[in-house]
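Residue-level structural notes
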Amino acid sequence: MTTDSPLIRLEGLSKTFGPIYANRDITLDIHAGKIKSLLGENGAGKSTLMGMLAGRLRPDSGRILIKGRPCHFSSARDAINEGIGMVYQHFMLVEAMTVTENIFLGHAEGSVLLNSEDMERQVADLARDVRLDIDPSARVSTLSMGEKQRVEILKLLFRRNRVLIFDEPTAVLTPQEANQLFEAFQHMAQQGKAIVFISHKLDEVMALSDEIAVLRKGEVVADMKADAVQTKGDLARLMVGREVILQVDRQPQETRQTVLRVSALNDAPLNDVNLTVRQGEILGLVGVAGNGQKPLVETICGLRTPTTGRVRLMGKEWSHFYRQRHWDGNLSYRPEDRQGLATCRYLTLTENFLLTTRQGFCSGPWLQRGNAEKRLHELIQNFDIQPPDSRAQARQLSGGNLQKLVLAREFFRRPRLIVAEQPTQGLDIAATEDVWRVLLKARERAGILLVTGDLAEALSLSDRLAVMFSGRIV
């Protein structure tokens, strides 16, 4: 259901943030009935480019053509009115409302005359039509991440959007949910929708795409049909400009003292959880999201108080440890929520760096800010954080670069116990390779609890594996 002429043409689009070029003279075609994947390293400009198409950002130069007609978007509403919608990495739903209420929210046309049963029936019909199973009456706060994503998609389809943009849609999904999403993508493309799929996962891109465009440093370096790609290695080379092999050499390491011991932890939803982590090893904790990993991590990291069983960190009881902990040589937590829990969006990179390292740069009551900025500049270079500007605000970084900032900050603290929750989520293949090497290096002096939904990552890095199901380590 495609034609030779594109539904959307991006022509010469450029966008800068201060002195940094996010996109430079990009021309790209998007066809109805096709799935177009957008690949590139963290900070390559993928989200910025799609942000302009979705009306969230305005281009500095260039134009957007819809069926050959130039369009100018002042807001996301303008883009939606032209049939273009985007599902972002961080969902924009009202948790206290139902699925149906979220879908109808802000869509006044006809809804005033409908009762709740009519509205739920419309949502159920739409969900069935595009093969996205959902309970229209369910409260959003009770849904899994995959189900919340379906609500976001249905919101766009309800507004009859014909171009759907997905920014890293599988980053928070289980493999089963990802497969269901891909089936829905293919069904929507068969209905004539144009799908733009931003991803770092080369297997997904190879399996799903009709067309693939690769961005590097804000420019398009390849735009081709998917069947012209021979291997994942070809795509990786286009992305980073060099050979990348996602493989690490994990040598056996002598384990030393126990840095974490959890015994008979029974706080709901946890069920008699027992585990140990020793210096010199990586314990991989795997399982489908929602089976107790999050409350276990929150208890270990001091966000939940254990009321049953025992949690000992560095040989100290939980309460004693959290009364007297130090900024370095201790516990380092790399949370999954890099925007809400790990960083503050409107603080600079230096201020975010100091959130957990401030004590290391204090002389009496005085903060040695210049020394902190010097050390941060070294970390920015070592971790290849873009843009390399300590004065930039966290919100100006791509998701992957924000992830690297958090990792750099926490490894700087020289921890003896590291809790790494989805450490490579949202990272490109080259950055993932770097993080894997850093984790393996860190286990020389630390014990690491690696919480991941990526089985390849768990098997590549872990010395031991623990599988969680229904709150229990099985």
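Above: the structure in question.
Everything in this summary refers to the structure shown in the same document.

Calculation rules
Residues numbered from 1 in each chain as written. Predicted model: local features only at pLDDT ≥ 70, side-chain atom pairs only at ≥ 80, totals over all residues. Heavy atoms only, no water. Helix = DSSP H or I, 4+ residues; strand = E, 2+ residues; numbered from the N terminus. Rg over C-alpha atoms; globule rule 2.2 N^0.38 Å. Buried < 20%, exposed > 50% of the residue type's maximum accessible area, 1.4 Å probe, protein only. Contact = heavy atoms within 4.5 Å. Axes fitted to C-alpha atoms, helices over the stretch in contact; angles between N-to-C directions. Parallel < 35°, antiparallel > 145°, perpendicular 65-115°, else oblique. Left-handed = near helix turned anticlockwise from the far one by under 90°. Nonpolar A, V, L, I, M, F, W, Y, C, P; charged D, E, K, R; others polar. Expected span 1.5 Å × (residues − 1). Phe/Tyr/Trp six-rings, centres within 6.5 Å; stacked < 30°, edge-to-face > 60°. Patch = residues over 30% accessible without salt bridge, like charges linked within 9 Å, V, L, I, M, F, W, Y side chains within 5 Å. Areas by Shrake-Rupley, 256 points an atom, 1.4 Å probe, with all protein chains shown as cover. Salt bridge = Lys/Arg side-chain N within 4 Å of Asp/Glu carboxyl O. Core = buried A, V, L, I, M, F, W, Y, C linked by side-chain atoms within 4.5 Å. Arc of directions from axis to C-beta. Pairing = 2+ DSSP bridges.

Description of the overall build of the chain
The helix and strand tally for the chain stands at 15 helices and 22 strands. Here the chain has a C-alpha radius of gyration of 23 Å; the compact-globule value for 474 residues is 23 Å, and the two agree. Over its C-alpha atoms, taken along the principal directions, the chain stretches across nearly 65 × 50 × 50 Å. Here the chain holds 474 residues, and 52% of them are scored as buried. Of all intrachain contacts in the chain linking residues separated by at least 6 positions in sequence, the fraction that spans at least 24 positions is 68%.

Quick notes on the packing of helix α5 (residues 145-158) against helix α6 (residues 175-190)
Where α5 contacts α6, the two axes come as close as 10 Å, and the packing angle between them is 15°. With respect to their mutual orientation, α5 and α6 come out roughly parallel. Considering only the axes of α5 and α6, their crossing is right-handed. Here Gly146, Glu147, Gln149, Arg150, Ile153 and Leu157 of α5 come into contact with α6, specifically with Glu177, Gln180, Leu181 and Met188. The class makeup of the residues in the contact of α5 with α6 is 4 nonpolar, 3 polar and 3 charged.

Regarding helix α14 (residues 429-442)
Spanning 14 residues, α14 covers 20 Å between terminal C-alpha atoms, matching the ideal 20 Å at 1.5 Å per step. Along α14, 10 of the 14 residues are buried, which leaves the element largely enclosed by surrounding structure. Taken residue by residue, α14 has Ile429, Ala430, Ala431, Thr432, Glu433, Val435, Trp436, Leu439, Leu440 and Ala442 as its buried positions.

Focus on the packing of aromatic side chains
Scanning the model with the defined rule gives 11 aromatic pairs in all. Geometrically, the ring pair formed by Phe185 and Phe197 is edge-to-face, given 5.9 Å between the ring centres and 70° between the ring planes. Residue Phe185 is located in helix α6, and its partner Phe197 is located in strand β8 (residues 194-198); the two are separated by 12 residues in the primary sequence. Accessibility expressed as a relative area gives 0% for Phe197, which makes it buried. Residues Phe353 and Phe361 carry aromatic rings whose centres are separated by 5.8 Å and whose planes lie at 55° to one another, so their mutual orientation is tilted. Accessibility expressed as a relative area gives 1% for Phe353, which makes it buried. Assessed through its relative accessible area of 3%, Phe361 is described here as buried.

Re unusual backbone geometry
Backbone geometry follows two general trends: most residues other than glycine have a negative phi, and most peptide bonds adopt the trans configuration. Put simply, Ala268 and Pro269 share a cis peptide bond, and its omega is 5°. Counting through the fold element by element, Pro269 comes out in the loop between β11 (258-265) and β12 (273-278). In this structure, Pro387 follows Gln386 across a cis peptide bond, with omega equal to -5°. Structurally, Pro387 can be placed in the loop between α12 (369-382) and α13 (399-412). The residue Arg160 is not glycine, and still its phi comes out positive at about 60°. Its location among the elements puts Arg160 in the loop between α5 and β7 (163-167). The phi angle at Met314 is positive, at roughly 50°, despite the residue not being glycine. Mapped onto the secondary structure, Met314 falls in the loop between β14 (310-313) and β15 (316-317).

Quick notes on a nonpolar patch on the surface
A cluster of nonpolar side chains, contributed by Leu455, Leu459 and Leu465, occupies part of the molecular surface with about 310 Å² of accessible area. Mapping Leu455 onto the fold places it in helix α15 (residues 455-461). Residue class for Leu455 comes out exposed when judged on its relative accessible area of 54%.

Some points on the pattern of salt bridges
Taken as a whole and assessed by the stated rule, the structure comprises 30 salt bridges. With its nearest N and O atoms 2.4 Å apart, the salt bridge here joins Arg128 to Asp125. Of this pair, Arg128 and Asp125 are both found in helix α4 (residues 116-129), 3 residues apart, which corresponds to roughly one turn of the helix. Among the residues examined, Asp125 registers a relative accessible area of 37% and is labelled partly exposed.

Quick look at the nonpolar core
Of all hydrophobic cores here, the largest spans 50 residues; its most connected members are Phe185 and Met188. At 7 residues, α6 tops the list of elements feeding residues into this core. When sequence neighbours within four positions are dropped, the list of residues in contact with Met188 reads Val130, Ile153, Leu157, Leu164, Phe166, Lys193 and Ile195. Residues Trp327, Leu349, Leu402 and Ile448 belong to the second largest nonpolar core, which totals 34 residues.

Here we look at helix α8 (residues 232-240)
Burial in α8 covers these residues: Leu235, Ala236, Met239 and Val240. Projection of α8 onto a plane perpendicular to its axis shows the buried side chains occupying an angular sector of 110°, all on one side. Tucked inside the fold, the buried residues of α8 contact β3 (35-40), α7 (202-208), β9 (211-216), β10 (219-225) and α14. Looking one or two residues beyond α8, the residue adopting positive phi is Gly241, at roughly 75°.

Points about the sheet that holds strand β22 (residues 472-473)
With mixed pairing, the 6 strands of this open sheet are ordered in space as β16-β19-β20-β13-β21-β22. Every interior strand has two partners, whereas the edge strands, β16 (331-334) and β22, have only one. When strand β13 (residues 282-286) meets strand β20 (residues 447-451), the two strands line up parallel, connected through 4 bridges. Looking at the pairing, Leu285 lines up with Val451 of β20. Most of the contacts of α13 go to β16, to which it runs at about 175°, and overall it touches β16 and β19 (417-421).

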